[in-house]
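Residue-level structure breakdown
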Amino acid sequence: MTELERPLRLDAPREEILAHAAKLVEEAWRSFDRYRPEEPPLDERVRRLLGAGLPDGPAAAHEALDDAARILDESIAQPRPRYFAFIGSSGLEIGAVGDLLAHTYDINLAVDARAATEIEEQSVRWVSEFIGFPAGIGAFTSGGTISNTTALAAARERALPGSRAEGLSGRRVAVYCSAEVHHSITRAVELLGIGSNNLRDLPIDAAHRMRPDALAEAIDRDRAAGVTPIAVVATAGTTLTGAIDQVGPIADVCQQRGVWLHVDGAYGLPAASAPTHAERFRGLERADSVSVDAHKWLYLPKACGVVLVREREALTRAFAHEEGYLPHQRHELHAVDITLEYSRPFRALKLWLAFRAHGAPQFRDAIAQNLREAGLLFRTAGAAGDFETMAEPPQLSIVPIRHAPAGVADLDAHNDALAKAIQADGRVYLASALIDGHVWLRPCFVNFRTTEDDVLAIVDVARELGERIASGRGA
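Let us look at the structure shown here. Sequence positions are assigned chain by chain, starting from 1 and proceeding in written order. Owing to the predicted nature of the model, reporting of local features is limited to residues with pLDDT of at least 70; listing and counting of side-chain atom pairs is limited to 80 or more, with chain, interface and lining totals taken over all residues. No hydrogens and no water enter the side-chain calculation; it runs on all heavy atoms of the structure.

**A short note on the pattern of salt bridges**
Any two side chains of opposite charge can pair, given that their charged atoms come close. Salt bridges are counted wherever a side-chain nitrogen of Lys or Arg sits within 4 Å of a carboxyl oxygen of Asp or Glu. Enumeration over the complete set of coordinates arrives at 29 salt bridges. Between E39 and R36 there is a salt bridge; the shortest N-O distance is 3.0 Å. Three exposure classes are used, based on accessible area relative to the maximum for each residue type with a 1.4 Å probe and protein chains only: buried under 20%, partly exposed in between, and exposed over 50%. Residue classification places R36 among the buried residues on the basis of a relative accessible area of 15%. Across the salt bridge formed by R70 and D43, the nearest N and O atoms sit 2.8 Å from each other. Here D43 lies in the loop between α1 (14–32) and α2 (44–50) and R70 lies in helix α3 (residues 61–73), a separation of 27 residues in the sequence. For R70, a relative accessible area of 34% gives the class partly exposed. Given a relative accessible area of 23%, D43 falls into the partly exposed group. Through salt bridges that share partners, R36, E39, D73 and R80 make up one connected network. Strands are runs of DSSP state E lasting at least 2 residues, helices are runs of H or I lasting at least 4, and numbering of each runs from the N terminus.

**Some points on the environment of L191**
For L191, the position within the fold is in helix α8 (residues 183–191). Remark: the alpha-carbon pair of L191 and A153, spanning 38 residues in sequence, is separated by 9.7 Å.

**Quick word on helix α16 (residues 452–470)**
Residues separated by three or four positions in an α-helix point in the same direction, a consequence of the helix having 3.6 residues per turn. Each residue after the first adds 1.5 Å to the expected span of a helix. Given a rise of 1.5 Å per residue, 19 residues ought to cover 27 Å, and the 27 Å separating the end C-alpha atoms of α16 matches this to within 8%. Listing the buried residues of α16 in full gives D454, V455, A457, I458, V459, V461, A462, L465 and G466. Structurally, α16 contributes buried residues whose contacts are with α14 (360–383), β8 (387–389), β9 (401–403), α15 (411–425) and β11 (438–441). Where α16 terminates, the next one or two residues include G472, which has phi positive at roughly 85 degrees. Residue contacts are counted whenever heavy atoms from the two residues lie within 4.5 Å of one another.

Pasting the structure below:
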């Protein structure tokens with residue numbers, strides 16, 4: 001068999017393919033520097049590609065690359081500066097390069113990987129320092145769902161030692177959270193055998209924060225009834241409104257009762273680094289564990305979550321095994337001793353590279369910029385006669401607004417139709433949310449590329465399309 005006959009060889013030199021790919025990346029980055037006036041529909045070539053069966057022969061590598069770029073360009077790209085739906089990613093350029101390098105070397109962080117393992121541990125320390133949490137140990141994950149599940153597994157083992165092996169054995173347990181907790185917590189308690197029926201979603205105050213008094217009452221009531229509290233989950237930036245639970249008073253409740261406190265900060269915790277908002281996270285240092293998604297408000301490409309735990313041994317108690325095929329030849333822990341995953345990509349490299357390339361102050365500045373943008377939208381919409389805002393300024397960078405033109409009787413139906421019209425229009429991209437039983441438009445600012453002009457475009461586009469809907473002319 002000749003070299004050309006060997007399987008999985010490209011039909012062009014690797015260097016040439018890499019140069020082609022780099023050109024496509026350069027074009028994409030350039031397009032992210034500005035908004036585009038619409039989201040393009042799927043063209044005929046893309047439709048044919050998507051309808052094709054399993055290839056029975058090779059295509060030219062250059063052609064396949066161009067097709068991939070075409071498909072990506074006709075997808076909804078979160079890095080664009082006017083993507084405001086959900087809580088997006090920005091695809092920071094140096095992070096994308098970090099992913100390329102990490103995937104090229106294909107390091108497995110299930111076991112000790114020498115320098116790569118050291119980089120992950122260093123990156124855990126950097127994230128801990130950036131948000132102000134004294135982590136004893138931590139790991140990079142695929143995101144908030146795995147981070148939250150990891151933390152609650154550690155909490156379960158501390159509350160009920162041996163439960164990882166024995167199961168809950170009919171014991172009555174509970175986890176406590178805000179009524180607006182993220183559904184990743186629901187999934188976590190279901191997967192851990194705690195059960196979503198044992199997730200106590202507690203009342204919230206006018207600012208959409210968990211009430212510490214209701215938490216204390218619920219724990220005491222459960223304990224009196226023979227229920228074992230597993231953990232309390234405080235949310236540092238809810239997905240619905242960006243509300244920050246009062247971590248300090250909640251920590252008081254947990255400390256007095258010996259209950260694990262986990263802070264789900266997947267979205268909001270990076271804002272703890274902003275001098276204007278640090279006080280809102282007071283008490284974070286007293287939590288037992290926290291989660292952060294660096295692919296949200298640290299701007300990195302997905303997937304890049306981090307779970308941080310105060311007590312170093314807590315994760316080994318929850319996860320460690322002694323396997324014949326993973327001997328502990330050194331005294332250091334393998335990552336499989338503290339994480340859910342076995343095969344683990346080198347997610348930490350992109351964060352390490354980003355902090356090296358930009359420095360922590362630039363990340364703080366970018367977060368502060370997004371916070372200012374949220375304030376700008378709140379003030380602009382609040383000063384307009386045809387928009388409504390929440391009663392109080394945004395706690396973070398989510399800013400619910402409603403278009404409320406004169407003469408529209410059903411504002412919920414109007415704003416639901418408007419959200420769909422905005423997505424179809426494509427000049428800005430945002431989604432609606434049901435808040436306190438009403439439909440709101442819910443822009444979120446977590447992109448370092450977004451400008452004040454992009455923020456003001458939300459009001460302009462929503463007004464233009466909303467007036468068409470209100471007049472019966474459609475969007």
